[in-house]
Amino acid sequence: MAKRKRVIESTHVRDGKRKVVEETVVLPPVISSDEPPKKQPKWTNRERVLVFSSRGISYRARYLMNDLRALMPHSKQESKMAKKDQLYVINEICEMKNCGKCLYFEAKKKQDLYMWISNCPSGPSGKFLVENVHTMNELKMTGNCLKGSRPLLSFDPMFDQEPHWSLLKELFVQTFGTPNFHPKSQPFFDHVFTFSIVDNRIWFRNYQILEEDGSLAEIGPRFVLNPIRVFAGSFGGTTLYENPKYRSPNELRREVHKRFAQKYVSRVQAKKSLEERKPDEPYKRDPTDDVFLTIRPEDTTGKAKNTSYRNS
Amino acid sequence: MEWLCKLRVSRSGGNSLPDVSMLTRPLWILYIITSLAFLLLSSKDVHYSCSMMELTDELQLAFAEGRLSDGLNVQLVAPKTFTNHVEGLKAKLAELKNGLGWLERLDLTNEPAPAQPGTDMVGDEDIHDDFKRELTFYRQAQATVLQGIQQLQKLGVKTKRPEDYFAQMAKSDDHMKMVRQKLLEKQVSMEMSEKAKKMRELRKYGKKVQHEVLQKRQKEKREMMDAVKKYRKGQKDKLDFLDDKGPPNKKQKTGQKQEFHVNKKREFKNQKFGFGGQKKRSKMNTAKSSADMSDFNPSVHQTKHSYKSGGKKSNAKKKGPAKRPGKSKRQNMKSRKR
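Conventions used here
Residues numbered from 1 in each chain as written. Chains lettered and ligands numbered in written order. Predicted model: local features only at pLDDT ≥ 70, side-chain atom pairs only at ≥ 80, totals over all residues. Heavy atoms only, no water. UniProt positions renumbered as here; feature names shortened; annotations may be inferred. Helix = DSSP H or I, 4+ residues; strand = E, 2+ residues; numbered from the N terminus. Buried < 20%, exposed > 50% of the residue type's maximum accessible area, 1.4 Å probe, protein only. Contact = heavy atoms within 4.5 Å. Areas by Shrake-Rupley, 256 points an atom, 1.4 Å probe, with all protein chains shown as cover. Buried area = accessible area lost by both parts, 1.4 Å probe. Salt bridge = Lys/Arg side-chain N within 4 Å of Asp/Glu carboxyl O. Core = buried A, V, L, I, M, F, W, Y, C linked by side-chain atoms within 4.5 Å. Axes fitted to C-alpha atoms, helices over the stretch in contact; angles between N-to-C directions. Parallel < 35°, antiparallel > 145°, perpendicular 65-115°, else oblique. Left-handed = near helix turned anticlockwise from the far one by under 90°. Nonpolar A, V, L, I, M, F, W, Y, C, P; charged D, E, K, R; others polar. Phe/Tyr/Trp six-rings, centres within 6.5 Å; stacked < 30°, edge-to-face > 60°. pLDDT = per-residue confidence, 0-100. Patch = residues over 30% accessible without salt bridge, like charges linked within 9 Å, V, L, I, M, F, W, Y side chains within 5 Å. Polar contact = N/O pair within 3.5 Å; in protein donor to acceptor, adjacent residues only side chain to side chain. Expected span 1.5 Å × (residues − 1).

For chain B, the name recorded in an unreviewed UniProt entry is rRNA-processing protein EBP2, with Mizuhopecten yessoensis as its organism. Of the comments in the UniProt record for chain B, the one headed Sequence similarities (unreviewed entry) reads "Belongs to the EBP2 family."

Naming follows an unreviewed UniProt entry, where chain A appears as Ribosome biogenesis protein BRX1 homolog of Mizuhopecten yessoensis. UniProt, in the comment section headed Function (unreviewed entry), describes chain A in these words: "Required for biogenesis of the 60S ribosomal subunit." The heading Subcellular location (unreviewed entry) in the UniProt record of chain A holds the text "Nucleus, Nucleolus".

Listed below in structure tokens is the structure:
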């Protein structure tokens, strides 16, 4: 401010020398340094994701959930939900937690893991069966990354080919992508989330960027999502898409049981049919063979006893 | 009646009626044998439940319209239809999109990066081939990284973490230590197995070489003996085969000596039992050594002369060579020949 003033004064002096009246100096309305500091467009995307599960999940699923929480700085936690609660309750939980997206892991029969991904108040939502889970703790995953650095999201071109895939892609982008300038995030890029479609399933991988020329190391976790349904609402509503190739693990287990049961049944049947197929006489006999076979009177039974006797 | 699809099956058992009244309405997998007319006519004898009466009405109607015919009618279950509401999906997608810039989203859609030359990545994709499948995912991520980093740098965003920037990592240091240890272990075990494999191969090769050497030596010996035999019989008058084969033989022998010099077994035994041992009393006679006749050679030590002079005369007469016959006998033999 002071500097400015001086400059103005000096001009005044000069003007005074010339003695020409030019005192109407147009000054800018606000001095640039007085301007309020330029606001950086920081953290405009306030997306939060609620990551939680139902009761009774397996340890592996729990580890997977924790890995996702570690990798997503914009995630929020919630205690496990009782199974008897209806799913639409989750919408209210999300509202309470200020979350716009939700990843809900639902365990069934202590062995099957389902994952819901949902855009919370208004939908859509998708339900998947989670298969082939490998967590970040496995020693074969050699990569590492900053906790909370923003991931690049890599998608298979298949995601743009069918409407249900593209809808799921948008859901994944908004859920797994960390908002820019998130306070818990790091400003560097050192890992990639990969979503690929093979065998009508979505395969998730997480790689560390070792060098920017494209050498990678896997960090984990890995899992496969087998889509079941896509709903218009959040955790319910009309079904928009139903996977025709999906077969529930219950069904598959039943088939296995049946196959084993069939083994016994077929064995018994085979025995029975063998009995039936066995001929009464193994080879053709000449009926005249036993013409001269006679029964001794001592060996006769029944009425024949009366007809034959030994002369003595 | 739309549910009632018609399926004609061969008539079983003429006009015998199964107990239709056993079937309940929801079960509806109907077996109606014989024509409807028969059903209606014979209703005197058979008592139907209320629902059955409704059914018969329905069937009657169907029959009148000509949608039923004689034979076995079975309800078919329509194949399950799977919803795929494309319009709804598209509408929902449009609703879901929030119009944020790429820097917020960081999503990229990529084909897998081209495979490295020399890798066998061509051919149909087999999902059960783990290695191939994982490599496609890896290449997809690679393509994304190459494109994404470039795009970020264009936007003027720092991508690479400086060396002196420390922050909490996703995996703890302890965990990474374990990973490193595991990697090392794996490497060591791989090296060991490779070494063992190499040794095994070497041993095999060594055996082969030894066998060959033995056979060669035997062959040379045979040839030498043949040559000597020929020389003896007078077929050859030069002894040059000795000169020819001499030097290489000698050379070989020296070579073999060098080879035999390192006798691993011997060395090991020496190491185990000690080399040499006590020499004291080793040259003394014992009962065994004095009874040993192994170095007694009758052709050397038992000459004819000593035999004749030392042996008994009677024995010598019997075992001696055949004597010349007397003069008269010899003359007789001569005359006989003539």
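## Regarding the overall build of chain B
A tally of helices and strands in chain B yields 13 helices and one strand. Ordered by position from N to C terminus, the α and β elements of chain B give α-α-α-α-β-α-α-α-α-α-α-α-α-α. Per-residue burial for chain B yields a buried fraction of 18% across its 338 residues. Put simply, of all contacts in chain B between residues at least 6 apart along the chain, 62% involve residues at least 24 apart. Entry remark: accessible area of chain B is about 28,600 Å², with carbon and sulfur atoms responsible for 56%.

## Regarding the interface of chain A and chain B
Contact residues are listed per partner, giving 70 residues for chain A and 58 residues for chain B. Carbon and sulfur atoms supply 61% of the area buried between chain A and chain B, which totals about 5,800 Å² over both sides. By the criterion of area lost to chain B, the three top residues of chain A are L139(A), F188(A) and E212(A), representing 13% of everything that side buries. Linking chain A with chain B are five salt bridges.

## A few points about the nonpolar core
Ranked by internal contacts, the top residues of the largest apolar core, which has 46 residues, are L103(A), F172(A), F176(A), F195(A) and I202(A). Here this core gets seven residues from one element, more than from any other, and that element is helix α4 (residues 163-176) of chain A. When sequence neighbours within four positions are dropped, the list of residues in contact with F195(A) reads L153(A), S154(A), F155(A), D156(A), F159(A), F172(A), F176(A), I202(A), W203(A), F204(A) and Q140(B). Counting residues in hydrophobic clusters, the runner-up holds 17 residues, among them V198(A), W102(B), A141(B) and L152(B).

## Focus on the pattern of salt bridges
Per the counting criterion, the structure on display carries 24 salt bridges over all chains. In this structure, E131(A) and R201(A) form a salt bridge, with 2.9 Å as the shortest nitrogen-oxygen distance. With E131(A) in strand β5 (residues 125-134) and R201(A) in strand β8 (residues 201-209), this residue pair connects regions lying 70 residues apart in the sequence. A single salt-bridge network, built from bridges that share partners, covers R205(A), E218(A), R222(A), D130(B), R133(B) and E134(B).

## Considerations on the packing of α4(A) against helix α3 (residues 86-96) of chain B
As a packed pair, α4(A) and α3(B) sit with axes 9 Å apart at the nearest point and diverge in direction by 20°. Between α4(A) and α3(B), the angle falls in the class roughly parallel. By crossing handedness, the relation of α4(A) to α3(B) is classed as left-handed. Residue-level contacts link P163(A), H164(A), S166(A), L167(A), E170(A), L171(A) and Q174(A) of α4(A) to V86(B), L89(B), K90(B), K92(B), L93(B) and L96(B) of α3(B). Split into classes, the residues belonging to the contact of α4(A) with α3(B) amount to seven nonpolar, three polar and three charged.

## Topic: the packing of aromatic side chains
Residue and element names in this part refer to chain A. Taken as a whole and assessed by the stated rule, the structure comprises 19 aromatic pairs over all chains. Between the aromatic rings of F172 and F195, the centroid separation amounts to 4.8 Å while the plane-to-plane angle is 15°, which identifies the pairing as stacked. With F172 in helix α4 and F195 in strand β7 (residues 191-198), this residue pair connects regions lying 23 residues apart in the sequence. A network of ring pairs unites the aromatic residues F128, F155, F159, W165, F172, F176, F193, F195, F204 and F223 as a single cluster.

## A look at the confidence of the model for chain A
Residues and elements named next belong to chain A. The share of residues in chain A with pLDDT of 70 or more is 89%, and the mean pLDDT across the chain is 88. Considering each helix and strand of chain A separately, the mean pLDDT is smallest for helix α1 (residues 2-18), with a value of 47, and largest for strand β1 (residues 49-53), with 97. Scored below 50 in pLDDT, residues 1-11 shows four contacts in the model against residues more than four places distant or in partner chains.

## What about a nonpolar patch on the surface?
A grouping of Y264(A), V265(A) and V268(A) is seen on the molecular surface, where their side chains present a nonpolar patch of about 270 Å² in accessible area. Mapping Y264(A) onto the fold places it in helix α5 (residues 249-277).

## A short note on the side chain of S149(A)
All names here are of chain A. Relative to the helices and strands, S149 is located in the loop between β5 and β6 (152-155). A polar contact of 3.4 Å, which involves the side chain of S149, links it to the backbone oxygen of L146. Of the polar contacts made by the side chain of S149, one reaches the side chain of D190; its length is 2.5 Å. Sequence-distant contacts of S149, that is, excluding residues within four places in its chain, are made with Q186, F188, D190 and H191.

## Things to note about helix α2 (residues 59-71) of chain A
Between the first and last C-alpha of α2(A) there are 18 Å, a value that for 13 residues agrees with the 18 Å anticipated at 1.5 Å per step. What α2(A) keeps buried is the set A61(A), L64(A), M65(A), D67(A), L68(A), R69(A), A70(A) and L71(A).

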